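# Reading the structure
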Amino acid sequence: MRQQIAAANWKMNLTLQQGEELIDKVLNAGLTLKEQQSVLFAVPFPYLPMTRQKLGGKPGYFACAQNCYDKKSGAYTGEVSAEMLKSIGIAYAVLGHSERREYFKETNEMLASKIDLCLENGIRPVFCCGESLHVRESGNQNRFVEIQLRESLFHLTPEDLKKIIIAYEPIWAIGTGKTATTAQAQDMHAYLRLVLQDHYGKELADSMPILYGGSVKVSNAHELFSSPDVDGGLIGGASLVAEDFIEIIRSLK
Ligand code: PGA
């Protein structure tokens, strides 16, 4: 079975102490992850060492960055490079979240560079894609998301593409309480797998985890994750409440 992932995206929330408490609660919940299941905590940069330390040695649990810069190093005050993340033992990074695309003007091209830098440093990207409400209402969502994939990922060798985790997050569902229906999520995931298959072949397309994100909650996680092409979720709001995130982890295939 493909890797099944519950990824918490804390965004710019929680103090260090609140974060520590949350991770402790999740670790003490008595969960037993199956071999194919992983849990990621995408936390603010300053909390990465704490997160890594708490999760250290627990199979299936990983600290994850929420971003990195698209340059290797140099005079970029305030930015964090992929190499820096590697040097503190981080193996996953969320890239291209729609909030970063919108507020920080990240383009598909910039994201292609970030993807390359992460891969060069042994970091697996969780690559976010997804359309706005306007695009969805005009019926062009498949084409729109396909271009995001093509422009940021399709320069990769099959070997490198294999390391990518895709997160489909329709922007109209993020933080709005309005979740895509299970059918909408499944349709898009199946379409993305076809796009990957056209370019890289069926075996590789079938092996790649595609997560759904956008108002995943306890009440809808099980149904969403049980779709054949939905391999878990990227979870914002509900990942800030330990009890909810624990239930969401329990909903993984
Ligand atoms: P949400 O956020 O679960 O709060 O909708 C998801 C995300 O932005 O990754």
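Relevant structure appears above.
Everything in this summary refers to the structure shown in the same document. Quick caveat: nothing in here was measured; it's all calculated off a predicted structure. (Residues numbered from 1 in each chain as written. Predicted model: local features only at pLDDT ≥ 70, side-chain atom pairs only at ≥ 80, totals over all residues. Heavy atoms only, no water.)

The next thing to look at is the packing of aromatic side chains. Aromatic rings in a pair are described by how distant their centres are and how their planes are angled relative to each other. The tally for this structure, following the rule as stated, stands at six aromatic pairs. Here phenylalanine 154 and tyrosine 200 contribute two aromatic rings whose centre-to-centre distance is 5.4 Å and whose plane-to-plane angle is 85°, an arrangement assigned as edge-to-face. Taken as a pair, phenylalanine 154 in the loop between α7 (141-153) and α8 (158-161) and tyrosine 200 in helix α9 (residues 182-200) lie far apart in primary sequence, 46 residues in all. Phenylalanine 154 sits in the buried class, given a relative accessible area of 11%. On the accessibility criterion, tyrosine 200 (14% relative accessible area) is buried. Through pairs of rings, three or more aromatic residues link up here, namely Trp10, Phe41 and Phe245. Above the face of the phenylalanine 104 ring, arginine 100 is positioned so that its terminal group lies 4.1 Å from the ring centre. (Phe/Tyr/Trp six-rings, centres within 6.5 Å; stacked < 30°, edge-to-face > 60°. Helix = DSSP H or I, 4+ residues; strand = E, 2+ residues; numbered from the N terminus. Buried < 20%, exposed > 50% of the residue type's maximum accessible area, 1.4 Å probe, protein only. Lys NZ or Arg CZ within 6 Å of the ring centre and 35° of its normal.)

Around the ligand sit 13 residues in total, of which Lys11, His97, Glu169, Gly175 and Ser215 are the nearest. Contact distances for the ligand include 3.4 Å between an oxygen atom and a side-chain N or O atom of asparagine 9. Within the backbone of glycine 237, an N or O atom sits 2.8 Å from an oxygen atom of the ligand. Here the ligand has 280 Å² of accessible area as a free molecule, and 95% of this is covered by the chains. When the residues that make up the shell around the ligand are grouped by side-chain class, the tally is four nonpolar, seven polar and two charged. (Near = heavy atom within 4 Å. Polar contact = N/O pair within 3.5 Å; in protein donor to acceptor, adjacent residues only side chain to side chain. Areas by Shrake-Rupley, 256 points an atom, 1.4 Å probe, with all protein chains shown as cover. Nonpolar A, V, L, I, M, F, W, Y, C, P; charged D, E, K, R; others polar.)

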